[in-house]
Every structure is written in structure tokens, then in C-alpha cells.
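A look at the structure
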Amino acid sequence: MPLSPDLSARIVAAVEAGFDEQVALTQEMIRFPSLRGEEHAIQDHVFRLLRDRGLAMERFEMDEDAISRHPGGAPFTAEHSKAPIVVGIHRPREEKGRSLILQAHVDVVPPGPANMWTRPPFEPAIEGDWLYGRGGADMKAGHIANIAALDALRSIGLQPAATVYVQSVVEEESTGNGALMTHLRGYRADAVLIPEPEEEMLVRANVGVIWFQVETRGLPVHVREMAAGANAIDATYRVIAALRDLEAKWNARKSDHEHFRDEAHPINLNIGKIEGGDWASSVPAWCRIDCRISLYPGISAQEAAREIEDHLAAAARADTFLANNPPQVTFNGFHSEGYVLEPGSEAEAVLGRAHEAATGKELKSFMTPGYLDTRVYALYDRIPALCYGPISKNIHGFDERVSLTSLKRITAAMALFVAEWCGVEPI
Ligand code: ZN
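Small disclaimer: the values here were computed from a predicted structure and weren't measured.

So, about the overall build of the chain. When helices and strands are counted, the chain shows twelve helices and 19 strands. Whereas a compact globule of 427 residues would reach a radius of gyration of roughly 22 Å, the chain reaches 23 Å, a difference of no more than 12%. Taken along its principal axes, the extent of the C-alpha atoms in the chain is 80 × 45 × 40 Å. Evaluated residue by residue, the chain yields a buried proportion of 57% over its 427 residues. A separation threshold of at least 6 residues defines the contact pool for the chain, and within that pool the share at least 24 residues apart is 84%. When the accessible surface of the chain is totalled, it reaches about 17,700 Å², and 51% of it is carbon and sulfur. If the 42 positive side-chain charges of the chain are averaged to one point and the 60 negative ones to another, these points end up 1 Å apart.

In C-alpha cells, the structure reads:
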């Protein structure tokens, strides 16, 4: 049942009243340099935030075997985070409403060269409407918004009348195994909301993502006999060209995919890292690239991985040098399928009403070409999986920032959503 205008106004006012505190908590989160594998301290911090609010707490490790057996699990490597997953559980006095998962990740991508930032990346700074800092927009602002939405209800003497799980995960930026672990642990609810920086829109469709490495071996000789050797770095240029052909082939298939046919370039291949060779005067014996490519929803990661291997094998057969030195492909991260949020769910209708009440605008939906944890809940829990959050700039780039006025609107929408979806009861 839609919220009464009076309750709705009280909730929006409560978010407004708590907003300074919310921003302070967000700044505190940004100060943790929670790069991959370095999220232990921030997860302890989140644990305390949730426990201090009276939630029942659980903290658990990744189960490598269970994740490896699951089709949505990504391979473990030496870089895989060992930080725990943290879940805070709100239990109502009487379970009357629909249950909900509020999820966020604490891991952030590397800041890159510090001198390309205007200010140090892990020192939060506010300028005008923008809160700066690595991981502020993606997605510590959303993480704290999950908590602030519940705080706002509490500040007016209310709490959700259904179970709410507040999940804080790691590995969102590299494998998606953290979100998958919450599923494998057995957590289930009637809907999930993940406040990633989605420009005040709802994600309708999302690509899957695969990470892989390609290593090419050459023949090392002194450069004076260069013609007798084979340069692994030169050969890698040809491997990259072959991968660009595959990317073009996948983009050409966009007309088969409803939510992607109007996008100019829905499938992006990123050559994210390159290493190779040992010495300026030796023909390089090795070269390795780290790649990321996306896939349309409905295509399994296994199918896509096989096509990558087959495509590279065919390209190698047509190349005099690579035919005898076929490049080796290793899958070392994301191995995920995309998803589509089917229109017409009650959860979407409730979020639409909440968004309209908080922003005065109709809720729009769109396709995003990057990985989202929402896929775990959409594909394996088969529940309405809502990814929706504030306006941002330069996520994964320099001077990452989130709009504070947008964050406040989104938090109000989230609090209204929780109140209507779960129902409310007096504390
Ligand atoms: Zn994110």
C-alpha cells in the first residue's frame, strides 16, 4: 500500500535532518584505502556501525570450493581478497512486510598515479555539491545510504516490519565472488536494492563480464641476431588485433539483444594491463596482457570463454609465428553472466513511487555496460534486483566524486522504498 503523504513527508524530513551525519560517515568510509585484499579494517568498521545500531551480526569467509563449483563463481588467484563478508540483520517484532536485502561493496579500484589526482584519493574533500575521493561514489556513498535509510526511519521511531539484511561485500570490482558468497551462505529475501552510482536511474539490463590473461611466448636472442628470434611483444600486438576482431563480432550481434540494439558499442573489450620482456637489448621471450570483455545477458560465461579461446586459436593458426607458439589464455577474474530486470515487478513499482516522491520525477531505466553484483540476486535468487543510486563523475578515473544533493534525494527514495516494501512498525 502506498505510504500516506504525511508519513512520506516525515521520512523525507528525517533523511534531511540526518544528512550531515550521513556525509560524515561517508567521509569516514573514504578514508579507508580499501583496495582489493585490503578491506579487513573497513569491514571491521562496517561491522561496528551495524552492530551499534542493534542489528544481529554475522561475519564469514569465502568458501572457495563452493564458489568454484558454482557457474557464476570466478576463479581464485593469489590476488583474491581474504577479507570477510559482513551481514547485519534487522528482525522486526512481527514479520508483516516483505523482506529485503540492502547490499553494497567496500572494495575500490586502484587510484592510479597520485599526481593525476587534484587531491589525495583517500582524503575526502567537499567542493560545492561534490564529495571527492576514490570509492566515494563507487560505492561508499551508497553503502552508507543503506544505513542512513534505516537511521532515518529509526529517528522518527519506526523500523521495517520485515527482515532486512544489510550486506557488505568485497570482490565486486574483480570477481563478484563476495555477492555470490552471500547467496551460497543461504541469505534470501523478497527483493534486493544495491545503490551503485547509477545517475538516479534504475538498471534494466546489465552485461556479464569475463576477465582473462593472454600470455605469448617468444624466442629470446641477442638483438644482433634479431631476425632469428621471435618478439613476444610484437606478437602480442597481433593477439590484441585478433581480440578487437572478436569485440567487433560481438558488437555486430547487438540486434539480437533487445536492450542493447540502440547502443553504439555495447560490448567493450579493455586491454587493462600489459607486461613483457626483460631487457632492452634482448628480444622479449614473453608478454602478458590482462583483458576484460563484456557479454550480453543470456550468454553464459562458459560459452563466451570458449568463444574467446576458439577465436584466439584460429587467429594463431593463421599466423606463422603464433601457429607454433599458440598464446595461452587464463581466466583469472569475473566469470559472470548479465541479467535483465523484467519490467512490471511490484518492487519496481514501489521504487518508482519512492523515486517520484523524493525527486519529483518519473523513474527512468537504462542499460549499463559494466559488471554489477545485482546479477547474483537476479540470476540465482530470482528476485527483483534493483540497482539504483546517485549521480557521480569519474568512477574508476581521477577525481572520482558523488553529488551530495543527488545522494540526499536517493537516500530519501531508499528510505521511502524500505518503508513501503517492508512496511513499518514502532520501535
Ligand atoms: Zn561499484
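Scanning all chains against the criterion turns up 21 salt bridges. In this structure, Glu58 and Arg185 form a salt bridge, with 2.4 Å as the shortest nitrogen-oxygen distance. On the criterion of sequence distance, the pair formed by Glu58 in strand β1 (residues 56–60) and Arg185 in helix α6 (residues 177–185) is long-range, its members being 127 residues apart. With a relative accessible area of 22%, Glu58 lands in the partly exposed category.

So, on to the state of the cysteines. Scanning the entire structure with this criterion turns up zero disulfides. Here Cys387 is not cross-linked by a disulfide; its sulfur's nearest cysteine counterpart is in Cys422, at 18 Å.

Mapped onto the elements, Pro326 comes out in the loop between α9 (320–324) and β13 (328–335). Note: C-alpha distance between Pro326 and Glu215 (111 residues apart in sequence) is 9.0 Å.

For the pair helix α2 (residues 19–30) and helix α5 (residues 136–155), the least separation of the axes is 9 Å and the interaxial angle reads 135°. Between α2 and α5, the interaxial angle falls into the category oblique. By crossing handedness, the relation of α2 to α5 is classed as right-handed. Where α2 abuts α5, its residues Gln22, Leu25, Thr26, Met29 and Ile30 lie against Gly136, Lys140, Ala141, His143, Ile144, Ala145 and Ala148. For the contact of α2 with α5, the residue count by class is seven nonpolar, four polar and one charged.

Turning to the coordination of the zinc ion, a few remarks are in order. Distances from the zinc ion to its protein donors, His105 (NE2), Asp138 (OD), Glu196 (OE) and Glu196 (OE), fall within 1.9 to 2.5 Å. Viewed at the metal, the four donor atoms of the zinc ion are separated by angles of 55 to 146°, and the geometry they form is irregular. The sequence pattern formed by the donor residues of the zinc ion is H-x32-D-x57-E. In this pair, His105 is assigned in strand β3 (residues 100–105) and Glu196 in the loop between β8 (192–194) and β9 (202–206), connecting sequence segments 91 residues apart. Taken individually, His105 and Glu196 each receive the classification buried, so the pair is uniform in this respect.

Each aromatic ring pair is described using two quantities: the centre-to-centre distance and the angle formed by the ring planes. The final tally for this structure, using the stated rule, is eight aromatic pairs. Aromatic pair Phe260 and Tyr296: ring centres 5.4 Å apart, planes at 80°, arrangement edge-to-face. With Phe260 in the loop between α7 (232–252) and β11 (269–276) and Tyr296 in the loop between β12 (286–295) and α8 (301–317), the pair connects residues that are 36 residues apart, well separated along the chain. Under the relative-accessibility criterion, Phe260 is labelled buried at 1%.

Before going further, it helps to examine the domain arrangement of the chain. On domain assignment, one finds that the chain holds domain 1 (5–204 + 339–426) and domain 2 (208–336). Here domain 1 and domain 2 have C-alpha centroids that lie 34 Å from each other. Taken together, the 20 residues of domain 1 in the interface contact 15 residues of domain 2. Here domain 1 and domain 2 share an interface that buries about 1,400 Å² over both sides, 64% of which is from carbon and sulfur atoms. Put simply, domain 1 and domain 2 have zero salt bridges between them. Summed over the shared surface of domain 1 and domain 2, the result is three residue pairs in polar contact (both at pLDDT 80 or more).

What follows covers the environment of Ala358. Along the chain, Ala358 falls in helix α10 (residues 346–359). With 57 residues separating them along the chain, Ala358 and Ala415 place their C-alpha atoms 9.6 Å apart. In contact with Ala358, other than residues within four places in its own chain, are Arg409, Ala412, Ala413 and Leu416.

Now for the sheet that holds β3. What the six strands build is an open sheet, ordered β1-β2-β7-β3-β8-β16; its pairing is mixed. Each edge of the open sheet is held by one strand with a lone partner, namely β1 and β16 (385–387). The mean angle between the axes of side-by-side strands here comes to 20°, regardless of whether they run parallel or antiparallel. Of the strand pairs in this sheet, β8 and β16 are connected by three bridges, and their pairing is parallel.

Let us look at the nonpolar core. By size, the foremost hydrophobic cluster in this structure holds 89 residues, and its most contacted members are Leu100, Tyr339, Tyr377, Leu386, Tyr388, Phe417 and Trp421. A total of 13 residues in this core trace back to one element, the largest contributor, which is helix α12 (residues 404–422). Grouped together as the second largest cluster of nonpolar side chains are 34 residues, Ala230, Leu312, Leu322 and Phe334 included.

Conventions and cut-offs
- Residues numbered from 1 in each chain as written.
- Predicted model: local features only at pLDDT ≥ 70, side-chain atom pairs only at ≥ 80, totals over all residues.
- Heavy atoms only, no water.
- Helix = DSSP H or I, 4+ residues; strand = E, 2+ residues; numbered from the N terminus.
- Rg over C-alpha atoms; globule rule 2.2 N^0.38 Å.
- Buried < 20%, exposed > 50% of the residue type's maximum accessible area, 1.4 Å probe, protein only.
- Contact = heavy atoms within 4.5 Å.
- Areas by Shrake-Rupley, 256 points an atom, 1.4 Å probe, with all protein chains shown as cover.
- Lys, Arg positive; Asp, Glu negative; His and termini not counted.
- Charge placed at Lys NZ, Arg CZ, Asp CG, Glu CD.
- Salt bridge = Lys/Arg side-chain N within 4 Å of Asp/Glu carboxyl O.
- Disulfide = S-S within 2.5 Å.
- Axes fitted to C-alpha atoms, helices over the stretch in contact; angles between N-to-C directions.
- Parallel < 35°, antiparallel > 145°, perpendicular 65-115°, else oblique.
- Left-handed = near helix turned anticlockwise from the far one by under 90°.
- Nonpolar A, V, L, I, M, F, W, Y, C, P; charged D, E, K, R; others polar.
- Donors = N, O, S within 2.8 Å, 3.2 Å for Na, K, Ca; no water.
- Tetrahedral: all angles 85-135°; square planar, octahedral: opposite > 155°, others 65-115°.
- Phe/Tyr/Trp six-rings, centres within 6.5 Å; stacked < 30°, edge-to-face > 60°.
- Domains from an automatic or database assignment.
- Buried area = accessible area lost by both parts, 1.4 Å probe.
- Polar contact = N/O pair within 3.5 Å; in protein donor to acceptor, adjacent residues only side chain to side chain.
- Pairing = 2+ DSSP bridges.
- Core = buried A, V, L, I, M, F, W, Y, C linked by side-chain atoms within 4.5 Å.

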